[in-house]
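Each chain is listed here by its residues.
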Amino acid sequence: MPTSSEGRPSEARSRLLNTATRLFYAEGIHSVGIDRIVAEAQVTRATLYRHFPGKEDLVLAYLNEVDRAMRGQADEAVAAGLPAAGTIQALSESIAQGIRSAGFRGCAFLNAAAEYPDPESPVHKAVLAHRQWFLETVTELLTKIQETGAEPAARHFVMMRDGAMAAGCLFDPELICETFLHGVERLLKVYAATDYSDPAGA
């Protein structure tokens, strides 16, 4: 990462990334051109290309920032020291908080996947890597409740989260969040009560 003479991250790079993050999320990646990012960040094209050789590099940096923020949410929920079910509920509350926030426009990763459908695209691969991390994080938490059946339950959680993120920018966010949180609570109760060693309960 380019830095200033004092060793801090470059101010120009930060402005570029902050501007791109705001515009990409609000308006879509393909609809926002390099010229607009340069103009709003108040830098030259040469400065942009010094930090980001191409637009794809800027898109990947944008997704990396979103990924870091979401990992921070998960770390914060885990650091609270709650039982596993409480940690999942805290993580769910942070997701709901995001849905209720001003300017919410769905999941940045699902939005990016829709714009970069090619599975060989570095952007598409970054989306899949983030989603794999999220699935593994939830699976690990559910394993602390009981080991068997954790991954299917985690996939169920991720599907509910995806649905809430998609619906949250289309319908009443309060209603969407209420439905999502109720679904998570129900999932946790059913999961904890199910005997996965019994084929009838699996």
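**Q** What is the right way to look at the packing of aromatic side chains in this model?
**A** What characterises a pair of aromatic rings is the spacing of the ring centres plus the angle enclosed by the ring planes. Counted by the stated rule, this structure contains four aromatic pairs. Pairing tryptophan 133 with phenylalanine 134 gives two aromatic rings, centres 5.9 Å apart and planes at 50°, and the pair type is tilted. The exposure classification of tryptophan 133 matches that of phenylalanine 134, with both residues buried. Against the face of phenylalanine 134 rests arginine 161, its NZ or CZ located 5.6 Å from the ring centre.

**Q** Teacher, can you tell me more about helix H4 (residues 55-79) here?
**A** Think of an α-helix as 3.6 residues a turn; residues three or four steps apart then line up on the same face. For H4, which comprises 25 residues, the first-to-last C-alpha distance of 36 Å matches the rise-based estimate of 36 Å (1.5 Å per residue) to within 8%. Among the residues of H4, Leu58, Val59, Ala61, Tyr62, Leu63, Val66, Asp67, Met70, Ala74 and Ala77 are the ones counted as buried. Phi for glycine 81, located one or two positions after H4, is positive at around 75°.

**Q** Whenever I open this one, the environment of leucine 187 confuses me. Can you help?
**A** You can see leucine 187 is positioned in helix H9 (residues 173-193). Counting along the chain gives 109 residues from leucine 187 to valine 78, while the straight-line C-alpha distance between them is 19 Å. Contact partners of leucine 187, with chain neighbours within four places excluded, come to Ala153, His156, Phe157 and Met160.

**Q** So what exactly am I meant to see when it comes to the nonpolar core here?
**A** One recurring pattern in soluble globular proteins is that nonpolar side chains are buried together. Residues Phe24, Ile37, Leu142 and Phe157 are the most contacted members of the largest nonpolar core, which totals 61 residues. Where this core is concerned, the elements lending two or more residues are helix H1 (11-27), helix H2 (34-41), H4, helix H5 (84-100), helix H6 (108-115), helix H7 (122-143), helix H8 (150-167) and H9. Once you skip the residues sitting within four places of it in the chain, isoleucine 37 turns out to touch Leu16, Thr19, Ala20, Leu23, Phe24, Val32, Leu48 and Leu58.

**Q** Which parts of the structure should I look at to understand the packing of H4 against H7?
**A** Two packed helices can be described by the angle between their axes and the distance between those axes. At a minimum axis separation of 10 Å, H4 and H7 run at an interaxial angle of 5°. By the angle between their directions, the pair H4 and H7 is classed as roughly parallel. Taking contact as the criterion, the partners of Glu56, Val59, Leu60, Leu63, Asp67, Met70, Arg71, Ala74 and Val78 in H4 are, on H7, Pro122, Val123, Ala126, Val127, His130, Trp133, Thr137 and Leu141.

**Q** Just to check I follow, could you spell out the environment of glycine 28 for this structure?
**A** Topologically, glycine 28 is positioned in the loop between H1 and H2. Classification of glycine 28 as buried rests on a relative accessible area of 6%. For the pair glycine 28 and asparagine 111, spaced 83 residues apart in sequence, the C-alpha separation works out to 7.6 Å. Residue contacts for glycine 28: discarding those within four places in its chain leaves Leu23, Arg105 and Glu115.

**Q** Quick question: what am I supposed to make of the side chain of serine 92 here?
**A** With respect to the helices, strands and loops of the structure, serine 92 is situated in helix H5. Filtering out sequence-adjacent residues up to four positions away, serine 92 remains in contact with Phe157, Phe180, Leu181 and Val184.

**Q** Is there a simple way to think about the pattern of salt bridges in this case?
**A** Where charged atoms of side chains with opposite charge meet at close range, the side chains can pair. Following the criterion strictly, the structure yields 13 salt bridges and no others. Between arginine 161 and aspartate 162 there is a salt bridge, and its shortest N-O distance comes to 3.1 Å. Taking the relative accessible area as the measure of exposure, arginine 161 reaches 3% and is therefore buried. Given a relative accessible area of 14%, aspartate 162 falls into the buried group. What emerges from the salt-bridge pattern is a single network uniting Arg22, Glu27, Arg36 and Glu40.

Quick notes on the rules
- Residues numbered from 1 in each chain as written.
- Predicted model: local features only at pLDDT ≥ 70, side-chain atom pairs only at ≥ 80, totals over all residues.
- Heavy atoms only, no water.
- Phe/Tyr/Trp six-rings, centres within 6.5 Å; stacked < 30°, edge-to-face > 60°.
- Buried < 20%, exposed > 50% of the residue type's maximum accessible area, 1.4 Å probe, protein only.
- Lys NZ or Arg CZ within 6 Å of the ring centre and 35° of its normal.
- Helix = DSSP H or I, 4+ residues; strand = E, 2+ residues; numbered from the N terminus.
- Expected span 1.5 Å × (residues − 1).
- Contact = heavy atoms within 4.5 Å.
- Core = buried A, V, L, I, M, F, W, Y, C linked by side-chain atoms within 4.5 Å.
- Axes fitted to C-alpha atoms, helices over the stretch in contact; angles between N-to-C directions.
- Parallel < 35°, antiparallel > 145°, perpendicular 65-115°, else oblique.
- Salt bridge = Lys/Arg side-chain N within 4 Å of Asp/Glu carboxyl O.

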